[in-house]
Amino acid sequence: MKFPTSLLSLTRFLLLLLLPFFSSAWLDVSVATNTQPQYHDLLHCLCSQEDAICNLIYTAQNSTAYASVLQFSIRNPRFSNNNASSSSSRTKPIAIVTPTTIPQVQSTVLCSRKHGLHLRVRSGGHDFEGASYASLSSPFLLLDLVNLRNVTVDVPSKSAWAQSGAVLAEVYHSIASASRTLAFPAGLCPTVGLGGHISGGGYGTTLRKFGMAADNIRDALLVDADGRVLDRAAMGEGVFWAIRGGGGNTYGIVVSWKLKLVRVPLRLSAFTVSRTASSDAEMTKLVDRYQRVTDKLPDDLMILVMIGAVDQGNSTKQVMYLGGKERLLRVMNESFPELGLKEEDCKEMSWIESVLHFANYPSNSTYDVLLKSRTDSPISFAKLKAKSDYVGTPLPESALQGIWSRVHQVEAGAALLHLIPHGGMMSRISDSSTPYPYRAGTVYKIQYYVAWSGEQKEVEERHLGWIRKLHEFLTPFVSKNPRGAYANSRDLDLGMNDPTGETSYEQARVWGEQYFKHNFERLARVKAAIDPSNFFRNEQSVPPLSM
């Protein structure tokens, strides 16, 4: 996540017009001791299953690569290293397994369960609270899917099988290599892991046209707590429903997804325009106009707004239209004339080039650069805390002014707010079609970020305090009963499970209904059917609810 650095207010617009109307400062992370009998039993169990897997196990005691393997996919430096300055404490895995085959995943699950060792699963490492690779309880084993990232595209059926360890950049590259007119509706950040992205819903620039990533899944392969590999037919529609947005590391390990690909045009138009906001009043007028039209625009048009801090108050608008300039200009000038779009502002590009564009790759990059995204991404990662909200009624002027005044505060540091519009296809998909419930009636989602550098505890506390106070300030103006939150923006401030794994359904409702609303009860019943012993769990996994 790349953040601006000054304290002046900014509004940044990303607009998307799709097909031409074709109807914590770092946490104190310690390694649990490897003297537990189950640890040694686990190693013996794994190695007795297959010799090759012995070379895929890393521990702090017997492998110099342990630290590099652990940190390779960590995208929030709050959780990278030991740091006594933190206000919280986490435990590192006693061992990391990096399977290269599905049978090795099965063996890891069976051996962990046999010897009573808790298991965590990581795909891309973007978990905002580090729950995929660090724990508030110990000991645990980390199963890292980094080596399971194969993507196979079938153009005639407009589908692809993609393993959960692939990052979005690798998925997009594989699709573009097979077809320039197919795409998968998922996120903007190239280093996000596919498995976690879909497990929490997943959205990107095609949200209003095609829905979420989880809305575009045809099948999956799941390793359950008994080590079985289940496809959609074998797992049943209830489990298949739950894994598409109901949270990761809960129902089993999804090792592969069958993606439904969507048709996109060969060329699209895009532009970037900058202006300087002369006052907070001017910004209020602009954002107020945005929130009154954004969910009512044609499905093909998506406007993402970024509000934060940037040198000299520059306001940047980035627009993408999967079609020609003429239609883009007409729709924009009719719907949002305040942006002042001109023909000379626009340029043309392909869909895969737009992926590079929105990920901030240099303009002369070829799409092969996506294959280097794990080690050479243009996106910088700061220590950060995230929160989320949903808006059903446009925020009043007093709320917008309150946001601007808080963004000006020193404690905000490099803060950023995203406004992600809904409406369009999102309003036509049932709120129980997948676990993601924020469909009709949602104008836009707010995504809050605060980022900082420095290792002092007081620095972390200052920035955490700022985002929590902003979130509290907006309470009267956002969704209620329950107040909404996005599962992929994990926020442990909402509540946590008991570290022993004994959390009741009633306890978990405190946070669970904020993510899933009425779908939370169904998720808990699915959990009871597929994993009644609650083997797969973390600080905010869905607990089992028996009939």
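Residues numbered from 1 in each chain as written. Predicted model: local features only at pLDDT ≥ 70, side-chain atom pairs only at ≥ 80, totals over all residues. Heavy atoms only, no water.

Taking an unreviewed UniProt entry as the reference, the chain is identified by name as FAD-binding PCMH-type domain-containing protein belonging to Linum tenue. Under the UniProt heading Sequence similarities (unreviewed entry), the entry covering the chain gives this text: "Belongs to the oxygen-dependent FAD-linked oxidoreductase family." Entered under Cofactor (unreviewed entry) in the UniProt record, the comment concerning the chain runs "FAD". (UniProt positions renumbered as here; feature names shortened; annotations may be inferred.)

Engineer: What is the right way to read the packing of aromatic side chains from this model?
Structural biologist: Geometrically, a pair of aromatic rings is defined through the distance of the ring centres and the angle of the planes. Applying the stated criterion across every chain, the model contains 15 aromatic pairs. The interplanar angle of 80° and the centroid separation of 5.4 Å between the aromatic rings of Y172 and W351 together place this pair among those described as edge-to-face. Separated by 179 residues along the polypeptide, Y172 in helix α4 (residues 168-178) and W351 in helix α11 (residues 351-358) bring together distant segments of the chain. Residue Y172 is classed as buried on the basis of its relative accessible area of 3%. Seen in terms of ring centroids, Y436 and Y486 are 6.0 Å apart; in terms of plane orientation they differ by 85°. Their pairing is edge-to-face. With a gap of 50 residues between them, Y436 in the loop between α13 (425-428) and β21 (444-452) and Y486 in the loop between α14 (457-473) and α15 (505-516) connect regions that are remote in the sequence. Owing to a relative accessible area of 4%, Y436 belongs among the buried residues under this scheme. For Y486, a relative accessible area of 4% translates into the label buried. Seen from the ring of F473, R406 lies directly overhead, with NZ or CZ sitting 3.8 Å from the centre. (Phe/Tyr/Trp six-rings, centres within 6.5 Å; stacked < 30°, edge-to-face > 60°. Helix = DSSP H or I, 4+ residues; strand = E, 2+ residues; numbered from the N terminus. Buried < 20%, exposed > 50% of the residue type's maximum accessible area, 1.4 Å probe, protein only. Lys NZ or Arg CZ within 6 Å of the ring centre and 35° of its normal.)

Engineer: Would you explain the sheet that holds strand β3 (residues 57-58) in this entry?
Structural biologist: Hydrogen bonds along the backbone pair up the strands of a sheet, which may run parallel or antiparallel. Spatial strand order, β3-β5-β7-β6: four strands in an open sheet with mixed pairing. The open sheet has two free edges, formed respectively by β3 and β6 (118-122), since each of these has just one partner strand. Here β6 pairs with strand β7 (residues 140-144) via five bridges, running parallel. The partner of R120 across the bridge, within β7, is L142. Contacting β5 (95-97), β6 and β7, helix α3 (residues 102-114) crosses the sheet at an angle of about 170° to β7. (Pairing = 2+ DSSP bridges. Contact = heavy atoms within 4.5 Å. Axes fitted to C-alpha atoms, helices over the stretch in contact; angles between N-to-C directions.)

Engineer: I would appreciate a short explanation of the pairing of β21 in the present structure.
Structural biologist: Two faces, one strand: in a regular strand the side chains alternate between the faces of the sheet. Most of β21 is tucked away, with nine of its nine residues classed as buried. Side chains of β21 alternate between two faces, with Y444, I446, Y448, V450 and W452 and K445, Q447, Y449 and A451 buried alike. As defined by bridge partners, strand β19 (residues 383-391) adjoins β21 across nine bridges and the pair is classed as antiparallel. Residue pairing in the sheet places K383 in a bridge with W452 of β21. Two strands pair when backbone bridges link them, and strand β20 (residues 414-421) and β21 are joined in this way by eight bridges, in the antiparallel orientation. Bridged to A414 within β21 is A451.

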